[in-house]
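# Understanding the architecture of this molecule
What follows is each chain in one-letter form.
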Number of protein chains: 4
Amino acid sequence: MTSDRSLRLGMIGGGPGAFIGAVHRLAAEMDREFELVAGSFSSSPEKSAETGRELGLDKARVYPSWERMIADESSLPASQRIHAVAIVTPNHLHHGPAIAALKSGFHVICDKPMTISSELAAEMEKAVADSGCVFVLTHNYTGYPMVREARELVKNGVIGEVRKVYAEYLQGWLSEALEEDGQKQASWRTDPARSGPGGSLGDIGTHAFNLLEHVSGLRVDSLIGVVSTFVSGRRVDDDAMTMVRMSNGANGTICCSQVCAGRENGLSLRVFGTKGGIEWSQEQPNDLIVWSKDGASETRRSGNAWLSDSAQTLGRIPAGHPEGYLEGFANIYRAFARAIRGEQDLEDAYPTVADGSRGVRFIEAVLESSESGKWVGLKNT
Amino acid sequence: MTSDRSLRLGMIGGGPGAFIGAVHRLAAEMDREFELVAGSFSSSPEKSAETGRELGLDKARVYPSWERMIADESSLPASQRIHAVAIVTPNHLHHGPAIAALKSGFHVICDKPMTISSELAAEMEKAVADSGCVFVLTHNYTGYPMVREARELVKNGVIGEVRKVYAEYLQGWLSEALEEDGQKQASWRTDPARSGPGGSLGDIGTHAFNLLEHVSGLRVDSLIGVVSTFVSGRRVDDDAMTMVRMSNGANGTICCSQVCAGRENGLSLRVFGTKGGIEWSQEQPNDLIVWSKDGASETRRSGNAWLSDSAQTLGRIPAGHPEGYLEGFANIYRAFARAIRGEQDLEDAYPTVADGSRGVRFIEAVLESSESGKWVGLKNT
Amino acid sequence: MTSDRSLRLGMIGGGPGAFIGAVHRLAAEMDREFELVAGSFSSSPEKSAETGRELGLDKARVYPSWERMIADESSLPASQRIHAVAIVTPNHLHHGPAIAALKSGFHVICDKPMTISSELAAEMEKAVADSGCVFVLTHNYTGYPMVREARELVKNGVIGEVRKVYAEYLQGWLSEALEEDGQKQASWRTDPARSGPGGSLGDIGTHAFNLLEHVSGLRVDSLIGVVSTFVSGRRVDDDAMTMVRMSNGANGTICCSQVCAGRENGLSLRVFGTKGGIEWSQEQPNDLIVWSKDGASETRRSGNAWLSDSAQTLGRIPAGHPEGYLEGFANIYRAFARAIRGEQDLEDAYPTVADGSRGVRFIEAVLESSESGKWVGLKNT
Amino acid sequence: MTSDRSLRLGMIGGGPGAFIGAVHRLAAEMDREFELVAGSFSSSPEKSAETGRELGLDKARVYPSWERMIADESSLPASQRIHAVAIVTPNHLHHGPAIAALKSGFHVICDKPMTISSELAAEMEKAVADSGCVFVLTHNYTGYPMVREARELVKNGVIGEVRKVYAEYLQGWLSEALEEDGQKQASWRTDPARSGPGGSLGDIGTHAFNLLEHVSGLRVDSLIGVVSTFVSGRRVDDDAMTMVRMSNGANGTICCSQVCAGRENGLSLRVFGTKGGIEWSQEQPNDLIVWSKDGASETRRSGNAWLSDSAQTLGRIPAGHPEGYLEGFANIYRAFARAIRGEQDLEDAYPTVADGSRGVRFIEAVLESSESGKWVGLKNT
């Protein structure tokens with residue numbers, strides 16, 4: 001069942017064996033903001049149809065290709081056709097569908113990294129501007145209530161002027177050459193033709209980068225980095241580390257790795273200022289530690305009435321009832337829906353096409369720096 | 001959007017201001033096992049209609065009373081009428097709707113505590129048996145993957161023969177007389193006419209009791225308890241503590257409180273045996289600590305491929321992506337759906353009407369013991 | 001090397017294989033408050049001499065029996081003879097040496113439980129009063145800075161009026177019958193002739209009881225308890241659990257166990273009042289969690305300048321440099337030294353003979369209650 | 001009291017207001033390995049005498065200068081004169097006393113960083129070699145049992161071939177210009193004439209560097225770094241960050257900061273290999289987390305009989321009784337004593353003069369790299 005308010009969503013990608021497609025579907029429908037009514041789930045028409053059947057979709061709206069979906073949906077009456085498209089394909093297949101969808105007037109929510117080069121990213125920025133449509137990039141970790149609380153604390157000066165930032169995203173699942181065994185998630189992520197030039201950089205490094213900029217309210221001005229490929233035969237990086245300088249003179253590190261054996265999904269952020277600091281870890285997302293120069297540290301937990309409005313708005317259930325990854329992801333979809341409807345929402349309610357461009361430039365800058373051994377600038381748009 | 005497989009659900013209760021109704025709706029639809037198509041959301045027809053509208057339900061299936069819903073749905077053709085009823089009313093309003101629904105052949109999922117006396121509980125047990133329908137009680141915490149893992153470890157002898165059990169559920173939200181300010185959640189929970197004889201005992205004590213029996217695989221044989229009402233003017237207990245003896249000779253404590261100021265939703269369980277122990281806390285539900293007599297403690301985390309099948313089955317996303325309260329709750333709904341469809345599922349896949357009866361007897365036994373100062377038996381059915 | 005201020009200490013007990021004797025020696029000398037100059041380390045003169053040699057003591061002051069030590073030291077000139085006696089023998093050998101020492105004008109520091117019956121405890125209380133000497137019982141856990149901080153917070157009303165108390169002390173090391181293998185620590189602790197009537201109750205239960213009364217500033221008025229012996233053939237309890245009522249109407253539980261397999265030294269305390277609560281765990285002793293009804297929880301850490309004076313006084317090194325068990329124990333010795341010198345110290349700076357009597361009565365009360373199944377009073381002296 | 005085995009120690013530095021001098025004294029005497037019998041505690045003869053009096057030292061052996069102490073002690077008969085010298089002065093005053101002491105045949109234990117330039121460090125290396133004396137540098141954090149356990153696990157291949165290393169040491173106490181208020185600890189540490197060229201780098205960065213090399217068993221081959229001075233007017237760095245390449249091809253980061261406001265003494269280390277990883281944090285030093293590629297993480301705790309011999313040797317009390325900073329420091333003194341006596345001890349039982357040289361080179365390399373923006377090599381001696 002869906003609410004009267006539900007928007008109609010079409011999905012590109014997310015066929016058999018996909019991970020993130022299922023996440024998008026759960027997130028999109030959790031708050032009844034969207035109803036999935038159409039899809040082109042695979043480049044194989046058979047597989048697309050199979051997934052459509054499993055999802056109980058109207059057969060007529062399960063398409064053999066994304067081009068057909070966009071074309072056919074465009075020709076449906078406004079009361080039936082989709083409002084928005086979710087793009088959950090491998091990285092090389094974001095740009096094409098996104099621009100086509102935008103040109104047809106469909107709002108777009110797209111997985112990260114946004115695309116595989118800054119030239120393509122610029123085209124996407126232009127397409128968004130030209131279309132007047134909403135474009136959301138699923139840097140989903142900014143959807144966690146306590147990430148928002150952290151951002152509010154920084155913005156309101158609770159930790160003073162920012163001096164140090166430490167962002168990291170450590171995983172271990174690619175410690176071995178899973179791609180050689182045909183594991184689907186590993187295969188496309190380690191294939192430069194599909195992942196783009198960055199491996200771990202694109203897959204998780206951009207999340208850490210985005211989280212850092214989101215919470216600190218600062219921009220990474222320049223960086224120096226080293227990318228590594230530890231697993232023999234792998235064609236993209238599986239590890240990167242960088243030192244960064246921020247727009248206000250703060251500095252710090254951004255590290256990502258997929259070969260920290262035993263670590264699951266260790267995205268964490270620490271930001272320190274003249275008066276205190278904040279610390280957040282994705283694996284315990286309902287806790288936010290706030291350090292203070294002159295007193296005890298606090299552990300702020302989601303769901304409490306004394307949190308910032310931003311943090312409270314993103315919660316569904318009272319304090320002590322953990323919300324997790326899917327709820328955080330759904331918050332991004334909710335922001336997407338509100339933007340489509342023109343409703344008021346949080347400031348910087350969702351990651352934008354500009355954030356997506358910055359992510360792509362981050363990948364390119366780290367790779368360039370690792371090659372040259374020099375600092376590389378990330379000029380802001 | 002719902003899958004072809006989705007079952008049709010009608011809800012009783014869950015109108016404006018309700019907490020648990022919204023949780024049930026999110027949980028029921030998360031995995032597309034159910035589609036909410038009908039409801040009687042309030043004893044006030046206007047409020048029922050209002051909630052129905054907000055949810056986008058067909059007006060014809062939003063009913064002014066639960067009696068009407070059961071009667072009218074029964075007369076719909078099988079291809080349209082609801083398969084199941086979710087009862088999310090205050091405790092005194094579980095028994096009537098449940099029995100009526102069962103008599104009409106509707107499967108039932110019902111909030112806890114099951115009802116307000118063991119006599120009524122016995123009637124419900126009989127009604128379930130007579131109906132042949134599925135009845136699920138939402139002791140939702142048994143839906144967490146790591147609770148299942150704990151149960152498997154105990155069952156498989158990893159911690160040896162159980163000797164000690166410590167279950168507790170500590171909250172602080174009723175530290176003050178919120179009911180006097182008309183707070184809806186506090187009001188009915190502290191009104192014996194609606195909550196039944198137990199206050200904290202029914203609201204949270206039964207969860208701790210059920211979790212303990214579920215994980216340990218043992219039964220509480222007898223107990224001695226003390227119930228307290230710390231907040232002046234309150235009409236039910238807001239705290240209870242008990243010492244218990246288990247069916248195998250183990251013993252321990254079960255404590256619950258709603259006046260532990262500052263605590264959010266502190267349900268936790270520890271079970272120790274001859275070889276080791278397990279420890280789980282609801283506020284960090286993806287972690288399970290396993291103690292060992294002869295080695296390091298382990299922290300098992302949900303989503304890993306080396307967990308028991310039971311634990312893995314209950315997860316949606318890979319390790320390191322936290323699942324929370326809603327996902328655990330949705331697992332109970334999934335088990336409900338599978339039972340309705342006659343599909344294979346986990347052993348003891350969901351809390352049953354018999355578990356519900358035990359919970360009611362637990363409440364009565366603690367109250368009786370607190371009155372008499374003596375040990376009281378909980379004979380098993 | 002010792003300071004001019006160092007007091008001369010004689011030890012009774014603590015010979016080969018002893019655990020707590022070595023702890024007392026480290027603690028006594030850590031801050032140079034005491035210098036160990038004499039000892040009767042074992043009932044075997046040979047073993048006493050052996051320990052004396054290992055410790056580098058003057059042979060003439062290593063005695064074959066505690067009676068001889070007290071007699072001979074008494075006859076030394078004041079400038080040489082010991083100021084104080086440390087009694088670290090098994091429980092049944094506290095009373096005799098303590099009274100003899102006090103009668104000879106020696107100050108006494110004695111391990112817990114104080115003795116093996118309340119009659120003997122009363123004699124010790126009288127002996128202390130008659131002697132005018134200082135008597136300290138090593139409930140060493142009250143020497144931790146953050147335990148003191150907790151006490152201060154409660155006393156100053158930070159958590160409001162106390163309603164709930166939960167004290168526990170869970171170990172696993174006696175999960176098997178170590179005493180049958182001749183393990184020295186296990187042997188005397190499970191021999192009623194040496195341990196007295198309580199097993200786990202005396203060894204660790206009294207610590208939990210004392211910690212609770214120390215921090216809460218309240219007295220246990222009455223209790224109901226169950227003692228268990230889980231290991232076959234054991235002659236004393238290896239587990240106990242109680243429900244208690246406090247002098248102000250608060251209530252809660254005190255549990256101890258030595259069969260929680262895998263647990264090391266799990267002493268912890270939680271106290272909740274009308275405005276918040278405190279939580280402290282011995283295994284992470286530098287942290288104190290402070291819960292608040294209306295805001296984030298705090299983690300107060302030892303060594304900080306913004307802590308209470310009491311907590312600060314008990315630290316040696318700045319925040320972030322963990323102090324542990326030995327430092328906490330040494331704080332009790334420091335308080336002992338100050339009391340001997342008549343120096344100002346913290347209020348209730350150390351556990352007294354009256355605390356020792358309460359501990360003995362606690363053991364007796366739990367045993368009596370477990371036998372009768374009834375509530376038993378602990379009237380205050 | 002001291003044991004017959006106690007070695008006689010003289011101290012240089014550690015007068016009024018000193019922090020680390022008191023730590024050295026507690027650590028030296030904790031296990032009776034040393035007895036402090038002589039000292040030159042300050043460049044002010046009056047202050048030296050004052051400290052000597054407070055410590056109860058024989059007046060004749062409290063010296064007005066370190067030169068006099070070395071000269072006069074040398075002329076005492078072997079049965080009286082000191083065996084060893086502890087140097088606890090500011091960094092610029094390590095080199096002179098150390099070489100003088102070594103030349104007079106005294107063993108030396110010296111605080112870190114070893115000295116203020118690699119030229120001086122080379123002289124110290126030569127002096128040690130020429131003297132045949134024992135020289136220990138107090139990188140005290142290697143004295144923690146669980147650091148040793150980590151080292152053993154890495155050495156024994158439990159985590160496989162090392163790929164990633166992350167060392168950090170974050171403090172916040174210098175977030176403001178304490179040196180302008182005359183705070184003694186801040187003053188000399190921020191005065192290049194006394195601290196040498198590195199500020200945070202020397203004070204804490206060298207600890208992180210040493211810990212990393214100790215545990216990983218690898219050498220830092222080259223690094224690129226950035227040093228910062230965030231507090232206006234400060235004359236040395238108060239923050240540094242580096243990326244490092246290890247001798248086996250692993251890489252990672254070493255970061256230190258004294259302006260992470262609110263952090264106390266956050267030294268931590270993570271090392272990941274092909275099969276798993278280890279994680280240790282100084283603020284909870286009794287825990288060691290061991291990550292595994294294929295199973296649950298473990299938390300190993302000090303004091304257990306199933307730990308490596310190395311870890312067990314460094315503990316004093318059973319598992320669950322926390323040992324802290326002072327005990328870890330005392331373990332370094334114990335190793336020093338054993339080396340002096342020629343007793344068997346752990347492999348790499350203490351940090352050596354060569355480790356000290358590496359630390360000095362680390363400081364110089366980071367400063368050089370920060371200046372040039374280029375990678376700098378740290379060739380092994």
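Keep in mind that this is a model prediction, so the values were computed, not measured.

## Considering the overall build of chain A
Secondary structure summary: chain A contains twelve helices and 14 strands in total. For chain A, whose C-alpha radius of gyration is 20 Å, the value lies close to the compact-globule estimate of 21 Å for 381 residues. Sorting the 381 residues of chain A into buried and exposed places 68% on the buried side. Within chain A, counting contacts between residues at least 6 apart in sequence, those at least 24 apart form 69% of the total.

## A word on the relation of the copies chain A and chain D
When chain A is fitted to chain D, the best match, at an RMSD of 0.0 Å, comes from turning it 180 degrees and sliding it 0.0 Å along the axis. Within this description, the copies of the chain are treated as partners about a two-fold rotation axis. Of the interface residues in chain A, 100% have counterparts in chain D that sit at the interface too, so the contact is made through matching surfaces.

## Section: the packing of helix α6 (residues 145-155) of chain C against helix α9 (residues 200-216) of chain C
In a packed pair of helices, the relevant descriptors are the angle between the two axes and the axis-to-axis distance. Residue and element names in this part refer to chain C. Their axes nearest at 7 Å, the elements α6 and α9 cross at an angle of 45 degrees. The angle between α6 and α9 places the two elements in the oblique class. Contacts between α6 and α9 pair Val147, Arg148, Ala150, Arg151 and Val154 from the former with Leu211, His214, Val215 and Ser216 from the latter. In terms of residue class, the contact of α6 with α9 is built from five nonpolar, two polar and two charged.

## A closer look at the sheet that holds strand β3 (residues 84-87) of chain A
Residue and element names in this part refer to chain A. Spatial ordering of the open sheet is given by β2-β1-β3-β4-β5, a layout of five strands whose pairing is parallel. Each of the sheet's edge strands pairs with one partner strand only, and the pair in question is β2 (34-40) and β5 (135-137). Averaged over all neighbouring strand pairs, the angle between strand axes comes to 20 degrees, with direction disregarded. Pairing analysis gives four bridges linking β3 to strand β4 (residues 107-110), with the strands arranged parallel. Within β4, the residue paired with Ala84 across the bridge is His107.

## Quick notes on the relation of the copies chain C and chain A
Of the transformation placing chain C onto chain A, the axial shift is 0.0 Å and the rotation is 180 degrees, giving an RMSD of 0.0 Å. Most of the interface of chain C is mirrored in chain A: 100% of its interface residues are interface residues there too.

## Quick word on the interface of chain C and chain A
At the junction of the two partners, chain C supplies eight residues and chain A supplies eight residues. Interface area, chain C with chain A, both sides summed: about 660 Å², of which 57% is carbon and sulfur. Together, C:Ala296, C:Thr299 and C:Trp306 form the three largest contributors to the area buried by chain C at its contact with chain A, with a combined 58%. At the junction of chain C with chain A, the criterion picks out zero salt bridges. Run the count over chain C and chain A and you get two residue pairs in polar contact (both at pLDDT 80 or more). The residue inventory of the side of chain C that touches chain A, partitioned by class, reads two nonpolar, three polar and three charged. Relative to strand β13 (residues 297-301) of chain C, strand β13 (residues 297-301) of chain A runs antiparallel, the two being bridged by three bridges. By the bridge assignment for β13(C), A:Ser297 is matched with C:Thr299.

## Quick word on the environment of A:Gly13
Note that A:Gly13 resides in the loop between β1 (7-12) and α1 (20-30). Taking the C-alpha atoms as reference points, A:Gly13 and A:Ser40, 27 residues apart in sequence, are found 6.2 Å from one another.

## Remarks on the packing of aromatic side chains
Each aromatic ring pair is characterised by the separation of its centres together with the angle its planes make. On inspection of all chains with the given rule, the structure shows 40 aromatic pairs over all chains. When the ring of A:Tyr333 is compared with that of A:Phe336, the centres are 6.4 Å apart and the planes differ by 70 degrees; the resulting orientation is edge-to-face. Within this pair, A:Tyr333 and its partner A:Phe336 are both found in helix α11 (residues 325-341), separated by three residues, close to a single helical turn. Of the residues examined, A:Tyr333 reaches a relative accessible area of 0% and is grouped as buried. Ring centres of B:Tyr325 and B:Phe329 lie 5.9 Å apart, and the angle between their planes is 55 degrees; this geometry places the pair in the tilted category.

## Digging into the interface of chain A and chain D
On the chain D side, the residues contacting the 43 residues of chain A number 43 residues. For the pair chain A and chain D, the summed buried surface comes to about 3300 Å²; carbon and sulfur atoms form 63% of the total. Its largest share of buried area at the contact with chain D, chain A owes to A:Arg163, A:Met241 and A:Met243, together 20% of the area lost on that side. At the junction of chain A and chain D, the tally comes to six salt bridges. Residues D:Glu168 and A:Arg270 are paired through a salt bridge, measuring 2.7 Å at the closest nitrogen-oxygen approach. Counting residues per element, the ones that place at least two in the side of chain A that touches chain D are β6 (162-170), β7 (220-228), β8 (239-246), β9 (251-257), β10 (266-273), β11 (276-281) and β12 (287-292) of chain A. Looking at the side of chain A that touches chain D, its residues break down into 17 nonpolar, 16 polar and ten charged.

## Topic: the pairing of strand β12 (residues 287-292) of chain C
Residue and element names in this part refer to chain C. Inspection of the sheet shows strand β11 (residues 276-281) paired to β12 by four bridges, in the antiparallel sense. If you follow Gly277 over to β12, its bridge partner there is Trp291. In this structure, the hairpin formed by β11 and β12 is closed by a connection of five residues. Pairing between β12 and β13: four bridges, direction antiparallel. Across the sheet, Asp287 pairs through a bridge with Arg301, a residue of β13. Here β12 folds back onto β13 in antiparallel fashion, the turn holding four residues.

## Digging into the confidence of the model for chain A
Summarising the model, chain A shows a mean pLDDT of 96, and 98% of its residues fall at 70 or more. Interface confidence for the predicted complex, given as ipTM, is 0.96, next to a pTM of 0.97.

## A word on the sheet that holds strand β4 (residues 107-110) of chain D
All names here are of chain D. The parallel open sheet is built from five strands, whose spatial order is β2-β1-β3-β4-β5. The open sheet is flanked by β2 (34-40) and β5 (135-137), the only strands paired with a single partner. On average, each strand axis in the sheet is tilted by 20 degrees relative to the strand beside it, whichever way the strands run. Direction of pairing for strand β1 (residues 7-12) relative to strand β3 (residues 84-87): parallel, over a ladder of four bridges. Counterpart to Leu9 in the pairing with β3 is Ala84.

## Concerning the state of the cysteines
Under the criterion given, the structure shown has zero disulfides over all chains. A:Cys255 takes part in no disulfide bond, and the closest cysteine sulfur, belonging to D:Cys255, lies 7.2 Å away. There is no disulfide at D:Cys260, and the cysteine sulfur nearest it, in D:Cys255, is 9.1 Å away.

## Some words on helix α9 (residues 200-216) of chain A
Residue and element names in this part refer to chain A. A rise of 1.5 Å per residue sets the reference length of α9, with its 17 residues, at 24 Å; its end C-alpha atoms lie 23 Å apart and thus fit the reference within 8%. A maximum bend of about 30 degrees is found in α9 at Thr206. Among the 17 residues in α9, 17 count as buried, and that is most of the element.

About the criteria used
Residues numbered from 1 in each chain as written. Chains lettered and ligands numbered in written order. Predicted model: local features only at pLDDT ≥ 70, side-chain atom pairs only at ≥ 80, totals over all residues. Heavy atoms only, no water. Helix = DSSP H or I, 4+ residues; strand = E, 2+ residues; numbered from the N terminus. Rg over C-alpha atoms; globule rule 2.2 N^0.38 Å. Buried < 20%, exposed > 50% of the residue type's maximum accessible area, 1.4 Å probe, protein only. Contact = heavy atoms within 4.5 Å. Least-squares fit on C-alpha atoms with pLDDT ≥ 70 in both. Axes fitted to C-alpha atoms, helices over the stretch in contact; angles between N-to-C directions. Parallel < 35°, antiparallel > 145°, perpendicular 65-115°, else oblique. Nonpolar A, V, L, I, M, F, W, Y, C, P; charged D, E, K, R; others polar. Pairing = 2+ DSSP bridges. Buried area = accessible area lost by both parts, 1.4 Å probe. Salt bridge = Lys/Arg side-chain N within 4 Å of Asp/Glu carboxyl O. Polar contact = N/O pair within 3.5 Å; in protein donor to acceptor, adjacent residues only side chain to side chain. Phe/Tyr/Trp six-rings, centres within 6.5 Å; stacked < 30°, edge-to-face > 60°. pLDDT = per-residue confidence, 0-100. Disulfide = S-S within 2.5 Å. Expected span 1.5 Å × (residues − 1). Bend = angle between axes of the 7 residues up to and from the residue.

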